[in-house]
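One letter stands for each residue in the lines below.
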Number of protein chains: 2
Amino acid sequence: MSAALSQPALDADETLHSTPRVYRFSAPLPLACGISLADYELVVETYGELDADRSNAVLICHALNASHHVAGVDDKGERGWWDNMVGPGKAVDTRRFFVIGVNNLGSCFGSTGPRSANPATGKPWGADFPVVTVEDWVDAQARLLDVMGIEKLAVVMGGSLGGMQALSWSIRYPERVAHCAVIASTPRLSAQNIAFNDVARTAILSDPDFHGGHYYEHGVVPARGLRVARMIGHITYLSDDSLAEKFGRDLRALADGAPREGYGFGFGVEFEIESYLRYQGEKFSRYFDANTYLLITKALDYFDPAGRHGGDLTRALAPARAKFLVASFTTDWRFSPQRSREIVQALVANGREVSYAEIDAPHGHDAFLLEDPRYHAVVRNWFEGIAADLAARTPASAVTLDLQRLAT
Amino acid sequence: MSAALSQPALDADETLHSTPRVYRFSAPLPLACGISLADYELVVETYGELDADRSNAVLICHALNASHHVAGVDDKGERGWWDNMVGPGKAVDTRRFFVIGVNNLGSCFGSTGPRSANPATGKPWGADFPVVTVEDWVDAQARLLDVMGIEKLAVVMGGSLGGMQALSWSIRYPERVAHCAVIASTPRLSAQNIAFNDVARTAILSDPDFHGGHYYEHGVVPARGLRVARMIGHITYLSDDSLAEKFGRDLRALADGAPREGYGFGFGVEFEIESYLRYQGEKFSRYFDANTYLLITKALDYFDPAGRHGGDLTRALAPARAKFLVASFTTDWRFSPQRSREIVQALVANGREVSYAEIDAPHGHDAFLLEDPRYHAVVRNWFEGIAADLAARTPASAVTLDLQRLAT
């Protein structure tokens, strides 16, 4: 296991170079749907060094279209999806913390999912891959930590769907979570949230290239549906104001670069916002798997810890023992600050220690991925407090070792 | 013309029975896109009686999916789309006003549109039907009034896209509009509004059954795309709160009526909101034409009277001479009250008389179609004031005639 836990190489400018590692599990994983996954793989990246008493581990949970590649630059030269947050000297400082990124089951970035072989048929699972839940992911992540020899996380952290996983960790494995950061998230999807997800799913399911989810065998992908799904999603990630600011009613220049004189009176790309959205849809349809999109939107829809307690979130969160950071963004209309406040109120009612930041940021839901100074300062301060607590109880020798390595 | 202007039959309970009438125009209509429509037809319904001096006409402009069938019951037994607003004794009282509903060019309810024969080919226009604008519709409506012998409207009125037409009337034909009611509308679409429209268009354009807009010849309709388009639109017409209130996270009963025990872990209809939206999409795809959807969303996107004045709405509205009613709904996030306030401010800056009502209603954009008591009271009061002004200058004989007819 030591190879997996070693620190990635650092450039002179301290850029992390991350290499994913595959963990194979052979004990069946019982899922919420009633099916057990007989064996499965999880792809993992880690950054920083696990300290001697294995107390500085931070698990980062990803949202819909992200992966294990949280930080640094991978072999393809791509930056991690939260590289502005996680790295040496960053808010989640990999000089102090051992950070784990894991691709969730059902995703399409290497962990077992719809493109993997169904042991029953030898062919790709396709749409037969079991519908996994937030709780299933958390259980799979807990097993990963078992294998890594990490009994307790210093922090579990996530934004959006990742925040749901963090919250679920605090309920399902209260003794294994010292701190929990739930960012731009919600205790449950609203009818409107589910509605947007279902339109996206309908676009995919009704694409003739979907073939009941077994499109791999037909050598096609339901790209049309996936494009529309992504366009819808993308609108909900951004605020009305940020779209107005970024695109307004600007017209896209013509193919030859000349500015558009008046309207085109056709149905091609004309406004900048159309160009942007169609480009986002097209790009997404080339790298993301439609079956994964279906699965992950269902995991979003299903998440509702209070549902098992008659809608009482306070009772649902009663088992939690962690110290919390909850953060929301004023212009996030997908998971509005009100949703985060519900979490805070339930935690406070349970006597938990909670830091809550409602950040006045213009970018809507996507703000959690962006480098807003106030937001990052909040996260940095919270992590510095945790690091200070850890340092106070870490044996001096380990600290020395760590400083020596950083000095080389 | 007298046949067209006669009052529809009334039941004992004063239900209007409306019969549409087709007006044929042979003078070419120049459109904003540069094309002229050589000849065209408009389908019209009228309610109430035009008074002797032709001063009590009210033109109702329709929004995306509505038609000339504003009020009463048609031959198929269907109620008009604004029947709660327009009729004998209703807020827009057809005992006092002569109300005109007209299906716009490019629509799919009888007026010339994509399903009509293109004179150049003898085949349906399909996607070759010219992209019409709000201003084109207003020009066509003005010609209709010419033929009807109505020099000046007592009121032009519309909600949403209909409100844009009313506003455009006040600018293009200021001497022909005494009063103008602009409800749940906006002086221009935002980037977010355009984004939602473009996702809807993308769903239609990328449906393999679209066939470049010439699907009529293939005996198919792009129903998949149209369903998704309608589902997206529908979400934006309703408020988050009203969806929460109406559907919440309720699960749909199983096909046999039994309540659902827990989640289904599949991609079929599961939540009530999914059932509702998919049903709305399905219904819409059976009665609405996809080419019309494309055209009308473009008319929405293009509307921007201030655009021709460097974004200065006050200058754009300077020609208007009407007295205005502007109304918005607090939970309308498609065309929020702020958009209506922009109109009010520009009108006031021009010295216009404006009544503005911001109605605290829970139903989002759709509120303009619903029977909210405060909203209807506002419209009723405004129309009663207009009726009183008209009565004060109407010859006594005409009033007597009208009362006699109502007494029979």
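Here the structure is a predicted model, which is why all the values come from computation and not from measurement.

**Q** I'm lost on the overall build of chain A in this one. Help?
**A** Secondary structure summary: chain A contains 12 helices and 14 strands in total. Taken over C-alpha atoms, the radius of gyration comes to 22 Å for chain A, in line with the 22 Å a tight globule of 408 residues would show. Projected onto its principal axes, the C-alpha coordinates of chain A cover approximately 70 × 50 × 50 Å. For chain A, with 408 residues in total, the buried portion stands at 58%. Restricting the contact set of chain A to residue pairs at least 6 apart, pairs at least 24 apart contribute 71%. For chain A, the computed accessible surface area is about 15,200 Å², with 51% contributed by carbon and sulfur atoms. Distance between charge centroids for chain A: 3 Å, based on 39 positive and 50 negative side chains.

**Q** I keep staring at the interface of chain B and chain A and nothing clicks. Help me out?
**A** Frequently, the measure chosen for interface size is the accessible area removed from exposure when the parts meet. On the side of chain A, 53 residues touch chain B, which itself brings 53 residues to the contact. Here chain B and chain A share an interface that buries about 4,600 Å² over both sides, 69% of which is from carbon and sulfur atoms. Broken down residue by residue, the surface that chain B buries against chain A is led by Arg-249, Phe-265 and Phe-267 of chain B, which jointly contribute 18%. Taken together, chain B and chain A are joined by 10 salt bridges. Put simply, Lys-298 of chain B and Glu-274 of chain A hold a salt bridge, and the shortest N to O gap is 3.8 Å.

**Q** How should the UniProt feature "site: Important for acyl-CoA specificity" (unreviewed entry) in chain A be read in this particular structure?
**A** Residues and elements named next belong to chain A. Under the UniProt annotation, "site: Important for acyl-CoA specificity" (unreviewed entry) lies at Arg-334. Inspection of the secondary structure puts Arg-334 in the loop between strand 13 (323–329) and helix 10 (337–349). A relative accessible area of 10% places Arg-334 in the buried class. Excluding anything up to four places from it in sequence, Arg-334 contacts Asn-193, Thr-236, Tyr-237, Leu-300 and His-365.

**Q** How should the sheet that holds strand 10 (residues 98–102) of chain B be read in this particular structure?
**A** One key point about sheets: their strands pair by backbone hydrogen bonds, in either a parallel or an antiparallel sense. Residues and elements named next belong to chain B. The mixed open sheet is built from eight strands, whose spatial order is 3-6-10-7-11-12-13-14. With partners counted over all chains shown, the strands left at the sheet margins are strand 3 (21–25) and strand 14 (354–359), one partner each. Taken pair by pair, the neighbouring strands of this sheet meet at an average axis angle of 20 degrees, ignoring direction. With four bridges joining them, strand 6 (residues 40–47) and strand 10 adopt antiparallel strand pairing. In the strand pairing of strand 10, Tyr-47 is matched with Val-99.

**Q** Would you explain unusual backbone geometry in this entry?
**A** What is expected of a backbone is that most residues other than glycine have negative phi and most peptide bonds are trans. We note that Ala-184 of chain A has phi near 50 degrees; this positive angle belongs to a residue other than glycine. When you line up the elements, Ala-184 of chain A lands in the loop between strand 12 (177–183) and helix 4 (191–205). By relative accessible area, Ala-184 of chain A is classed as buried at 0%. Even without being glycine, Ser-160 of chain B reaches a positive phi, approximately 60 degrees.

**Q** Teacher, can you tell me more about the pattern of salt bridges here?
**A** Two side chains bearing opposite charge may form a pair once their charged atoms approach each other closely. The tally for this structure, following the rule as stated, stands at 50 salt bridges over all chains. A salt bridge links Asp-83 of chain B to Arg-79 of chain B; the nearest nitrogen and oxygen atoms lie 2.6 Å apart. The residue Glu-135 of chain B makes a salt bridge to Arg-308 of chain B at a minimum N-O spacing of 3.3 Å. Taken as a pair, Glu-135 of chain B in helix 2 (residues 134–148) and Arg-308 of chain B in the loop between helix 8 (290–302) and helix 9 (313–316) lie far apart in primary sequence, 173 residues in all. For Arg-308 of chain B, a relative accessible area of 57% gives the class exposed. The structure contains a network of salt bridges with shared partners spanning Asp-198, Arg-201, Lys-298 and Asp-301 of chain A together with Glu-270, Glu-274 and Arg-278 of chain B.

**Q** In this structure, what is going on with the side chain of Ser-206 of chain B? I would like to understand it.
**A** Residue and element names in this part refer to chain B. Among the structural elements, Ser-206 can be located in the loop between helix 4 (191–205) and helix 5 (223–237). When its relative accessible area of 19% is taken as the criterion, Ser-206 is described as buried. Within the structure, the side chain of Ser-206 is placed 2.7 Å from the backbone oxygen of Thr-202, a separation counted as a polar contact.

**Q** Help me out: how do you make sense of the UniProt feature "domain: AB hydrolase-1" (unreviewed entry) in chain A in this one?
**A** Feature annotation in UniProt places "domain: AB hydrolase-1" (unreviewed entry) on residues 56–371 of chain A, given in this structure's numbering. Helix makes up 35% of residues 56–371 of chain A and strand 13%, whereas the separation of the span's terminal C-alpha atoms amounts to 24 Å.

**Q** Which parts of the structure should I look at to understand helix 10 (residues 337–349) of chain B?
**A** Working note: α-helix, 3.6 residues per turn, so residues spaced by three or four point in the same direction. Spanning 13 residues, helix 10 of chain B covers 18 Å between terminal C-alpha atoms, matching the ideal 18 Å at 1.5 Å per step. Contacts from the buried residues of helix 10 of chain B go to helix 3 (161–172), strand 12 (177–183), helix 9, strand 13 (323–329) and strand 14 of chain B.

**Q** I keep staring at the relation of the copies chain B and chain A and nothing clicks. Help me out?
**A** Each of the two chain copies can be generated from the other by rotation about an axis followed by a shift along it. Laying chain B over chain A is done by rotating through 180 degrees and shifting 0.0 Å along the axis; what remains is an RMSD of 0.0 Å. The two molecules are tied by a two-fold rotation axis, judged by turn and shift. The fraction of interface residues of chain B whose copies in chain A are also interface residues reaches 100%, indicating that both copies meet through the same surface.

**Q** Honestly, the sheet that holds strand 11 (residues 153–159) of chain A in this entry has me stumped. Any pointers?
**A** Residue and element names in this part refer to chain A. Read across the open sheet, the eight strands follow the order 3-6-10-7-11-12-13-14; overall the sheet is mixed. Of all strands in the sheet, those with a lone pairing partner are strand 3 (21–25) and strand 14 (354–359), marking the two edges. Ignoring which end each strand starts from, the neighbouring axes of this sheet average 20 degrees apart. Pairing analysis gives four bridges linking strand 7 (residues 57–61) to strand 10 (residues 98–102), with the strands arranged parallel. Bridge pairing in strand 10 links Leu-59 to Ile-100.

**Q** Is there a simple way to explain helix 8 (residues 290–302) of chain A in this structure?
**A** Its 13 residues give helix 8 of chain A an end-to-end C-alpha distance of 19 Å, which sits within 8% of 18 Å, the value for a rise of 1.5 Å per residue. Across the 13 residues of helix 8 of chain A, 13 count as buried, placing the element largely inside the fold.

What counts and how
Residues numbered from 1 in each chain as written. Chains lettered and ligands numbered in written order. Predicted model: local features only at pLDDT ≥ 70, side-chain atom pairs only at ≥ 80, totals over all residues. Heavy atoms only, no water. Helix = DSSP H or I, 4+ residues; strand = E, 2+ residues; numbered from the N terminus. Rg over C-alpha atoms; globule rule 2.2 N^0.38 Å. Buried < 20%, exposed > 50% of the residue type's maximum accessible area, 1.4 Å probe, protein only. Contact = heavy atoms within 4.5 Å. Areas by Shrake-Rupley, 256 points an atom, 1.4 Å probe, with all protein chains shown as cover. Lys, Arg positive; Asp, Glu negative; His and termini not counted. Charge placed at Lys NZ, Arg CZ, Asp CG, Glu CD. Buried area = accessible area lost by both parts, 1.4 Å probe. Salt bridge = Lys/Arg side-chain N within 4 Å of Asp/Glu carboxyl O. UniProt positions renumbered as here; feature names shortened; annotations may be inferred. Pairing = 2+ DSSP bridges. Axes fitted to C-alpha atoms, helices over the stretch in contact; angles between N-to-C directions. Polar contact = N/O pair within 3.5 Å; in protein donor to acceptor, adjacent residues only side chain to side chain. Expected span 1.5 Å × (residues − 1). Least-squares fit on C-alpha atoms with pLDDT ≥ 70 in both.

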